[in-house]
Amino acid sequence: MAKKKIRLVWPILISTLMLAGCAEPSSSTSASLSASSGYSSSLDGSDSSSSSSSSVIAPSAIAAARNAAAGTEITVEGVVVHYNYTGQSTPYITGFWLADDTDSIYVYGEDAAKSVAVGNMVTVKGTKAYYIPNTDSGSAASLSYEGMAQLKDPTILHNDGLTTNEIPSGAINESTVSDLSKTPLTTDISGKIYKVKGYYHKYPATGYTNYGITDLNRMDRLNAYTQSNGKDFSWTDDYDGKAVEMLLITTLAKPGSGEWKFCPVKMIREITATTEEEVAYGAERALSEFADEYAVTTVVTIPTADPKLDGLTRAFSSESPLVSVLIDGDDAKVTISANEKTTITIKATATYKGVSKDDSKDIVISGKPQIDTKTIAEANALEDGATATIEGVVAAVTYKSSLVKQGLFLADGTGSIFIYNGTSAQANLKDVEKGNKVIVTGTLVHYINSKNADNAAREGYSGDHQLANVSVDFIDSNVYEVPAAAIRESTVAAIVGTAASNNITGNIYRVNAIVKAGSYGSYSLVSPDETNVALSLYTQCGGADMAWLSDYASTTVSIVVGIQNLKLTSSSCNWRACPISVVE
């Protein structure tokens, strides 16, 4: 559809509106939403427009609006593409996306959004801004994420009243889920419309539902952004588990996890990947098991049967003498020697339904960097505020909501420590896995939530001991056992009975306990000798991070745990632990 040109002739425009039976343009702006809303408000987000120019730009293409400086008042015309909703229990409209043949952008304003319908051609005047939720401001700054591009305080100047206007083809970008998932947060794709193919999924959880789409390569994924516990996307439920071609809008980024989120717009059709496509993706998946670089000799163990697609097998080979491949039962064990600095090539062959496909990957052998480190015992002895670089085995990874990596238990032959990364540094942990050996640098702290300061003083508690906001300086991706010297023998009763003044946060213990499943996916460890004594296991994910314990529910096990924090209330205090492993 050809783009309509907007003329700055207000008397004619107002006259036309009156003849059409429309109200005159209102000078009022939309009301600010409460702090629970997901979009710009002086109450609930960071707005970079406050110090910018307020000069006026003539009616412009949306592409020009996207490029305008924050604080610029701008007028655009386009088709209403989709509503945005907030309200966890009862969704309500809080904004909409607008598109013309040059691009698309989000328009934030509840009153304005409720006055338009999807398919309307509207003229909107608003102020260019960028939105970052308060909870993401620190991580956004650390990653130079500018925020979600939008027009705020909108006034609808004209509405053609039609709901038949199609999304302008010029606003629809062809892409892949894989490419979008790898787009850096410094590239502003917020509010843009994409046509993609992938496997669409619904992810029910306790109290909410989320949605996502996985690339046809069955690896890379985008997660939807819902402010209504998934109720705003329930219209997509019939496509759960299906391969589809669809339109989506990249809404905003979550810098804490380094990912873009999306809003589903339209399901175009169901699709089926061909056998040739499946083997190509299978070879790509096989090579994704290898890192781009290795610094130490590493054994990469890969199942020969692809876990993502039943019936697809893969094999590995290399002409480099630094690579050897051993088939061990159902696994291929690929040893990459780091005896010299060079580049090697590994070939993967995927076979599915009688069709085979080769693909290859170049890998750099770099050698381990020389980094001075302290032992964990030495780091634990430092004063708060000191900077420490330590090396250790990742005994456990801890998570916040949506399974975003937020912390680690790190162990060496001298002891253990808990690492906590706030929102500004969470993305630093994305490549770290349990069993890896890592070198990290951070700041020693004893953390006490300000609201618990009086309770901590009452109990003589110095705070959760942490190495905070670490950078990850090196990752050895081999899988190592937790050093035995870092694991202390104890009992559930002894841990629970430890006084708060004897700070045990960061310590790792092995205990005998009965695994007890609780409500909302929670677990605790009950003393076999004193069944009224239990150690709580700490989760911020509704138990999703410790679902593996379900195999041991109601049984007595020998289990390794790390003490993560102390829960303080006005009348009590209780240690809370992270489960690490069950000792068979």
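Residues numbered from 1 in each chain as written. Predicted model: local features only at pLDDT ≥ 70, side-chain atom pairs only at ≥ 80, totals over all residues. Heavy atoms only, no water.

## Section: the overall build of the chain
The number of helices and strands found in the chain is nine helices and 30 strands. For the chain, restricting intrachain contacts to residue pairs at least 6 apart in sequence, the fraction spanning at least 24 positions comes to 64%. Surface exposure of the chain reaches about 26,000 Å², of which carbon and sulfur atoms provide 48%. (Helix = DSSP H or I, 4+ residues; strand = E, 2+ residues; numbered from the N terminus. Contact = heavy atoms within 4.5 Å. Areas by Shrake-Rupley, 256 points an atom, 1.4 Å probe, with all protein chains shown as cover.)

## Brief notes about the side chain of Arg314
Relative to the assigned elements, Arg314 resides in strand β15 (residues 313–317). In this structure the side chain of Arg314 is engaged in a polar contact, spanning 2.7 Å, whose partner is the backbone oxygen of Pro303. Setting aside residues up to four positions removed in sequence, Arg314 forms contacts with Arg285, Ala286, Glu289, Ile302, Pro303, Thr304, Ala305, Asp306, Pro307, Thr349 and Ala350. (Polar contact = N/O pair within 3.5 Å; in protein donor to acceptor, adjacent residues only side chain to side chain.)

## Overview of the packing of aromatic side chains
Each aromatic ring pair is summarised here by two numbers: the centre-to-centre distance and the angle between the ring planes. Here the structure, examined in full by the defined rule, presents eight aromatic pairs. Where Phe290 meets Phe316, the ring centres are 5.7 Å apart and the plane angle is 75°; that geometry is what we call edge-to-face. Note that Phe290 is positioned in the loop between α6 (275–288) and β13 (293–294) and Phe316 in strand β15, a separation of 26 residues in sequence. Like Phe290, the residue Phe316 is buried in the burial classification. Relative to Phe418, the ring of Phe409 lies with its centre 4.9 Å away and its plane at 45°, an arrangement referred to as tilted. When sorted by exposure, Phe409 lands in the same class as Phe418, which is buried. A cation sits over an aromatic face here: Lys242 above Tyr239, 6.0 Å from the ring centre. Sitting over the ring of Tyr480, Lys437 keeps its end group 4.3 Å from the ring centre. (Phe/Tyr/Trp six-rings, centres within 6.5 Å; stacked < 30°, edge-to-face > 60°. Buried < 20%, exposed > 50% of the residue type's maximum accessible area, 1.4 Å probe, protein only. Lys NZ or Arg CZ within 6 Å of the ring centre and 35° of its normal.)

## Points about the environment of Ser318
Position of Ser318 among the secondary structure elements: in the loop between β15 and β16 (323–328). Residue classification places Ser318 among the partly exposed residues on the basis of a relative accessible area of 25%. Between the C-alpha atom of Ser318 and that of Lys347, which follows or precedes it by 29 residues, the distance is 5.9 Å. Ignoring sequence-local partners within four residues, the contact set of Ser318 consists of Val323, Thr345 and Ile346. A polar atom in the side chain of Ser318 sits 3.1 Å from the backbone nitrogen of Ser320. Of note is the side chain of Ser318, whose polar atom sits 2.6 Å from the backbone oxygen of Thr345.

## As for the sheet that holds strand β23 (residues 437–447)
As summarised here, the arrangement of the five strands in space is β20-β21-β22-β24-β23, forming a closed barrel in which the pairing is mixed. Taking the axes of each pair of neighbouring strands and ignoring which way they run, one obtains an average angle of 50° across the sheet. Summarising the sheet, strand β20 (residues 387–400) and β23 pair through seven bridges and their orientation is antiparallel. Residue pairing across strands places Val393 opposite Lys437, the latter belonging to β23. (Pairing = 2+ DSSP bridges. Axes fitted to C-alpha atoms, helices over the stretch in contact; angles between N-to-C directions.)

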